[in-house]
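Listed below are the residues making up each chain.
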Amino acid sequence: MHVGGYGFQGLAALEHINDLAGKGNIILNGLTGYYTVTAEALREGEAISRLNEFVKSLFGTLKVMEGSTISSPVGLRDKLQKIRHCRIWSRQNYVFESDVRDFFLKGVSGSTDASSEVFDLKERSLKLVSGAAGKVAASCISILGLFPTFMGRYVTTTFFSQIPVSFLSDGDIVLLNLRDPSFGMLNTASN
């Protein structure tokens with residue numbers, strides 16, 4: 001079973017995820033994956049509380065990254081937020097440091113039977129991360145553009161595997177630059 005999905009849309013699986021646990025191999029990504037592993041390691045109430053805090057704390061950035069899939073009026077504040085984020089992404093490949101990601105992983109320990117799907121930026125292929133719950137949860141929320149890469153090479157596929165080409169054709173600002181890693185490690189999006 002592959003559970004997760006494109007940004008906030010993956011949260012639609014939350015109401016069913018607990019029913020699926022223990023019924024086969026689960027491959028996770030994104031916010032649903034983070035919730036699932038956290039619920040297994042801590043408990044459901046703590047997991048939903050952490051997920052709520054994650055979304056609340058990082059909503060502005062996640063909203064910009066998700067583009068027009070969140071239906072709300074686009075006002076001046078939203079346009080300024082997009083410009084601010086584009087400015088950040090022109091200097092570095094993420095908005096928040098690893099310590100912000102690590103904050104949401106405190107206490108997530110033990111092992112899990114679930115795996116997370118990640119894209120390996122060095123090998124340019126999909127991989128599965130499994131074993132330690134903290135490692136799986138971290139890889140689920142290692143969203144390209146939000147945090148630095150996990151273990152220096154992995155990003156979750158929650159946005160990466162479903163590039164919103166329709167948004168780009170409608171003239172939206174390009175927020176994530178997918179670069180060819182064969183040219184070497186690049187320091188900024190402008191490189």
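(A) Here's a closer look at unusual backbone geometry. At M151, a position not held by glycine, the phi torsion is positive, near 55 degrees. Examined against the element boundaries, M151 turns out to sit in the loop between α6 (133-140) and β5 (154-156). M151 sits in the exposed class, given a relative accessible area of 52%.

(B) Region of interest: the packing of aromatic side chains. Scanning all chains against the criterion turns up five aromatic pairs. A centroid spacing of 5.1 Å and a plane angle of 85 degrees characterise the contact between F103 and F104, whose relative ring orientation is edge-to-face.

(C) The arrangement of the nonpolar core in detail. Counting residues in hydrophobic clusters, the biggest one holds 38 residues, and the most contacted among them are Y34, F54 and L146. At the level of elements, α1 (14-20), α2 (30-41), α3 (44-66), α4 (76-91), β3 (111-120) and α6 are the ones that each hand at least two residues to this core. For this core, the element with the highest residue contribution is α3, accounting for eight residues. Those residues in contact with Y34 that lie beyond four places of it in its chain are R50, L51, F104, L105, A137, C140 and I141.

(D) Structural detail: the packing of α2 against α3. Between α2 and α3, the shortest axis-to-axis distance is 8 Å and the interhelical angle comes to 145 degrees. Taken as a pair, α2 and α3 cross one another with a handedness that is right-handed. Of the residues in α3, those touching α2 at L31, Y34, Y35, T38 and A39 are E44, A47, I48, R50, L51, F54 and V55. Classifying every residue of the contact of α2 with α3 by side-chain character gives nine nonpolar, one polar and two charged.

So, how was this worked out
Residues numbered from 1 in each chain as written. Predicted model: local features only at pLDDT ≥ 70, side-chain atom pairs only at ≥ 80, totals over all residues. Heavy atoms only, no water. Helix = DSSP H or I, 4+ residues; strand = E, 2+ residues; numbered from the N terminus. Buried < 20%, exposed > 50% of the residue type's maximum accessible area, 1.4 Å probe, protein only. Phe/Tyr/Trp six-rings, centres within 6.5 Å; stacked < 30°, edge-to-face > 60°. Core = buried A, V, L, I, M, F, W, Y, C linked by side-chain atoms within 4.5 Å. Contact = heavy atoms within 4.5 Å. Axes fitted to C-alpha atoms, helices over the stretch in contact; angles between N-to-C directions. Left-handed = near helix turned anticlockwise from the far one by under 90°. Nonpolar A, V, L, I, M, F, W, Y, C, P; charged D, E, K, R; others polar.

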